[in-house]
Amino acid sequence: ETGVTQTPRHLVMGMTNKKSLKCEQHLGHNAMYWYKQSAKKPLELMFVYSLEERVENNSVPSRFSPECPNSSHLFLHLHTLQPEDSALYLCASSQAPGTLNTEAFFGQGTRLTVV
Amino acid sequence: DQQVKQNSPSLSVQEGRISILNCDYTNSMFDYFLWYKKYPAEGPTFLISISSIKDKNEDGRFTVFLNKSAKHLSLHIVPSQPGDSAVYFCAASATSGGSYIPTFGRGTSLIVHP
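Fair warning: this is a prediction, and the values are worked out from it, not measured in the lab. (Residues numbered from 1 in each chain as written. Chains lettered and ligands numbered in written order. Predicted model: local features only at pLDDT ≥ 70, side-chain atom pairs only at ≥ 80, totals over all residues. Heavy atoms only, no water.)

A. Local environment of the pairing of strand β3 (residues 18–25) of chain A. Residue and element names in this part refer to chain A. Here strand β1 (residues 4–7) runs beside β3; their pairing, made up of four bridges, is antiparallel. Paired with Q6 across the strands is C23, a residue of β3. Alignment of β3 against strand β8 (residues 73–79), held across seven bridges, turns out to be antiparallel. Bridging from a neighbouring strand, C23 pairs with L74 of β8. (Pairing = 2+ DSSP bridges. Helix = DSSP H or I, 4+ residues; strand = E, 2+ residues; numbered from the N terminus.)

Dropping the structure here:
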């Protein structure tokens, strides 16, 4: 039990589908993140939310749309994806940004395959 | 342009021996460094960290060394155990600049043979 739960664990979707990834944290953290991990690439930061406000968008295409309705939940809405978007999508949370010694706690990830 | 580099994609070690995982960084603003461990089908988990005011931090079998002048850090695992087999990610952040978000390396896959 990591304290950060992601659903679904696996997702296969067509390029015209709309789907959403869900992340939930029970750690009382104030910051939540979406990362993308592609094969043989570093973890890529996609979005950061702090106190439910988006504080960073790392030049992510608009076909990825995040939503943070409260400090415990984070969504990633997917629309018209490309096969190259297939990857492991990781959610993470941490204490309020700017806090020293902040470690991020990760969920197990959603393995996304776009066909 | 990778700011955090883990140049060895994989490392194979015998059980009981020392594992040394290396990480180099280019951004001189980085002042806080972390190591994460990742098993297949799981998210990364925090392992150990070090602030730039220190050159060594130890936690049980795990020790991280920081050489600021060389912009290099390493993770030592002694003695290595088969359960340590995982992918290890090095990460760095520039907290003094207000950026708490870590930048990750590509990871090194450690295999510890019984």
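Still more to cover.
B. Representation of the sheet that holds β8(A). Residues and elements named next belong to chain A. Strand order in the open sheet formed by four strands is β1-β3-β8-β7, with antiparallel pairing between adjacent strands. Each of the sheet's edge strands pairs with one partner strand only, and the pair in question is β1 and β7 (64–70). Averaged over all pairs of adjacent strands, the angle between their axes in this sheet comes to 20°, without regard to strand direction. By the bridge criterion, five bridges tie β7 to β8 in an arrangement that is antiparallel. What sits directly across from E67, in β8, is F75. (Axes fitted to C-alpha atoms, helices over the stretch in contact; angles between N-to-C directions.)

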